[in-house]
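Letter by letter, the chains look like this.
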Amino acid sequence: MKAPKLSRKKIWIIAGIVALILVIAGGIKAYTMYTGAQHVAKQTYQKAKTPTARNVSKVIKNKKPLNVLILGTDTGALGRKTKGLSDTMIVASLNAQKETTYMTSIPRDTQVTINNTSQKINAAYTIGGASQSIKTVQNLLDVPIDFYIVMNMGGLKELVNSVGGVDVTPPLTFKYGSANVKKGVKTHLTGKQALSYSRMRYDDPNGDYGRQKRQRQVILAVVRKALSISSVTRFQTILNSVQKNMKTNLTFNDMLALRFSYKNASHHIKSTTLEGDGEMIDGLSYQVASMTERRRVSNKIRQELGLSKTTKLKNGTSTSSSTASSSTNTSDQSTQTTTDTTTTSDSSSYGYSTTTDTTNQYNNSGTPPATP
């Protein structure tokens, strides 16, 4: 029997129904992603008790360059269950207009002063959590930290797995744990392999500096892979891995703003490391960064943020140029070095008003505030 011929009107009705179904399905997908991200943001949010050096809402609203402190702790991996140290410390400077990200690694053994005591910078997280880490980095480099992200090493393994693994080109040949790589040969790493690849230090001729380079490789590979994923199922997997292993002071709205306004900052990525000289102090090995090196790194970050340069660091005070430089200023003038110190710098030089958070102030005993 011959099938009845559909009229043009009926065809358009059916087409309209199909289109409506597709729109609804797309809306469900978008809603799923939105609510999933909102739930994760709520679970991972933890306000830092260190006073915000700048008005971060104003920074994001105007799409100004900003700093995110990335902390990788040694908990959650290789059987570690303690609070741990922040063995990875990176200041990521994001510039939406220039579509650049500038990553500055700080060696775990860098000497700093915390509570009038000489410490390795990775101990800041143990002493006072993310708040103390933020304060210590701001004091060390005289740069504002707008946001922080803490990820444990076990979380790194899960995060890499959630994006389907990452590709890296190793700078040297080595075998460590689950990682077995050759210099210059592009290699695909699973989460377990990426964790081993990121942790190896003693067989690297550049020691912790070499490890920092490999850690940056993995982090960048994860970010780029995550930004390219559109599958709801994979997206939810990523969110789940982040939820269990991350803490941040990024709100849900902050995350949305970064996703839409700063996503192109990953187009051009450069990196550097705060370098120091090895010294034995009270029986412990430190990396001691000179005033010249601290100023070099500080001024480069400040240049990326469009802030005035630090001209001297003395007695805990940072004195900068009277006017902020434009984001296109690329000059790098050198200045005479002065006494090295890591006490609090003048936040007014950051170009934005300081937001005071009285809950962060130290008590009379010098005890740091409650950790985030």
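Named according to an unreviewed UniProt entry, the chain is Biofilm regulatory protein A originating from Pediococcus cellicola. Looking at the chain in UniProt, the text filed under Sequence similarities (unreviewed entry) is "Belongs to the LytR/CpsA/Psr (LCP) family."

Novice: Outline the pairing of strand S5 (residues 117–120), listing residues and values.
Specialist: Note: strand S4 (residues 111–114) against S5, 4 bridges, orientation antiparallel. Bridge pairing links Gln111 to Lys120 in S5. Hairpin connection from S4 to S5: 2 residues lie between these consecutive antiparallel strands, with Asn115 at a positive phi of about 55 degrees.

Novice: Let's hear about unusual backbone geometry: which residues, and what values?
Specialist: The backbone phi angle of Lys63 is positive, close to 55 degrees, even though this residue is not glycine. Inspection of the secondary structure assignment puts Lys63 in the loop between helix H2 (56–61) and strand S1 (66–73). Its relative accessible area of 38% is what places Lys63 among the partly exposed residues. Positioned with a positive phi, Asp142 is a non-glycine residue whose angle comes to about 55 degrees.

Novice: Explain the sheet that holds strand S12 (residues 268–273) to me, and be specific about the residues and the numbers.
Specialist: Read across the sheet, 6 strands follow the order S11-S6-S1-S2-S3-S12 without closing on themselves; strand pairing throughout is mixed. The sheet is open, and its two edges are formed by strand S11 (246–248) and S12, each paired on a single side. Adjacent strand axes in the sheet meet at a mean angle of 20 degrees, parallel and antiparallel pairs treated alike. By the bridge criterion, 6 bridges tie S1 to strand S6 (residues 147–152) in an arrangement that is parallel. Looking at the pairing, Val68 lines up with Phe147 of S6.

Novice: Residue-level account of the side chain of Ser105, with values.
Specialist: Mapped onto the secondary structure, Ser105 falls in strand S3 (residues 100–105). Sequence-distant contacts of Ser105, that is, excluding residues within four places in its chain, are made with Met89, Ile90, Gln212, Arg216, Thr272, Thr273 and Leu274.

Novice: Outline helix H3 (residues 123–141), listing residues and values.
Specialist: Helix length check: H3, at 19 residues, gives a terminal C-alpha distance of 17 Å against a target of 27 Å (1.5 Å per residue), a shortfall beyond 12%. When the local axis directions of H3 are compared, the greatest deviation, roughly 130 degrees, occurs at Gly129. In terms of burial, H3 is a largely internal element, 16 of the 19 residues being buried. Count one or two residues on from H3 and you reach Asp142, which has phi positive near 55 degrees.

Novice: Tell me about the packing of aromatic side chains, and please be specific about residues and values.
Specialist: For the coordinates displayed, the defined rule picks out 1 aromatic pair. Sitting over the face of the ring of Tyr286, Lys120 holds its NZ or CZ atom 5.9 Å from the ring centroid. Above the face of the Tyr197 ring, Arg214 is positioned so that its terminal group lies 5.9 Å from the ring centre.

Novice: Break down the pattern of salt bridges for me, citing the residues and quoting the values.
Specialist: On inspection of all chains with the given rule, the structure shows 8 salt bridges. For the salt bridge of Arg302 with Asp142, the shortest nitrogen-to-oxygen distance reads 3.6 Å. Of this pair, Arg302 sits in helix H9 (residues 291–305) while Asp142 sits in the loop between H3 and S6; the two residues are 160 residues apart in sequence, bridging distant segments of the chain. Of the residues examined, Arg302 reaches a relative accessible area of 0% and is grouped as buried. Between Arg211 and Asp208 there is a salt bridge, with its nearest N and O atoms 3.1 Å apart. Linking Arg211 with Asp208, this pair stays in helix H6 (residues 207–227), spanning 3 residues, or about one helical turn. Here the salt bridges do not stand alone but share partners, grouping Arg108, Asp109 and Lys120 into one network.

Novice: Let's hear about the packing of helix H4 (residues 153–162) against helix H5 (residues 191–199): which residues, and what values?
Specialist: Direction vectors running N to C along H4 and H5 enclose 135 degrees, while the axes themselves pass 7 Å from each other. Judged by the inter-axis angle, H4 sits oblique to H5. Judged by the sense of rotation from one axis to the other, the crossing of H4 with H5 is right-handed. Of the residues in H5, those touching H4 at Met153, Leu156, Lys157, Val160 and Asn161 are Gly191, Lys192, Ala194, Leu195, Ser198 and Arg199. Its residues assigned to classes, the contact of H4 with H5 comprises 5 nonpolar, 3 polar and 3 charged.

Novice: An account of the packing of H3 against H9 is requested, with residue identities and associated values reported.
Specialist: Interaxial distance between H3 and H9 falls to 9 Å at its minimum, and their mutual angle equals 105 degrees. Viewed along their axes, H3 and H9 adopt a mutual orientation that is roughly perpendicular. Between H3 and H9, the residues in contact are Asn139, Leu140 and Leu141 and Arg294, Val297, Ser298 and Ile301, respectively.

Parameters at a glance
- Residues numbered from 1 in each chain as written.
- Predicted model: local features only at pLDDT ≥ 70, side-chain atom pairs only at ≥ 80, totals over all residues.
- Heavy atoms only, no water.
- UniProt positions renumbered as here; feature names shortened; annotations may be inferred.
- Pairing = 2+ DSSP bridges.
- Helix = DSSP H or I, 4+ residues; strand = E, 2+ residues; numbered from the N terminus.
- Buried < 20%, exposed > 50% of the residue type's maximum accessible area, 1.4 Å probe, protein only.
- Axes fitted to C-alpha atoms, helices over the stretch in contact; angles between N-to-C directions.
- Contact = heavy atoms within 4.5 Å.
- Expected span 1.5 Å × (residues − 1).
- Bend = angle between axes of the 7 residues up to and from the residue.
- Phe/Tyr/Trp six-rings, centres within 6.5 Å; stacked < 30°, edge-to-face > 60°.
- Lys NZ or Arg CZ within 6 Å of the ring centre and 35° of its normal.
- Salt bridge = Lys/Arg side-chain N within 4 Å of Asp/Glu carboxyl O.
- Parallel < 35°, antiparallel > 145°, perpendicular 65-115°, else oblique.
- Left-handed = near helix turned anticlockwise from the far one by under 90°.
- Nonpolar A, V, L, I, M, F, W, Y, C, P; charged D, E, K, R; others polar.

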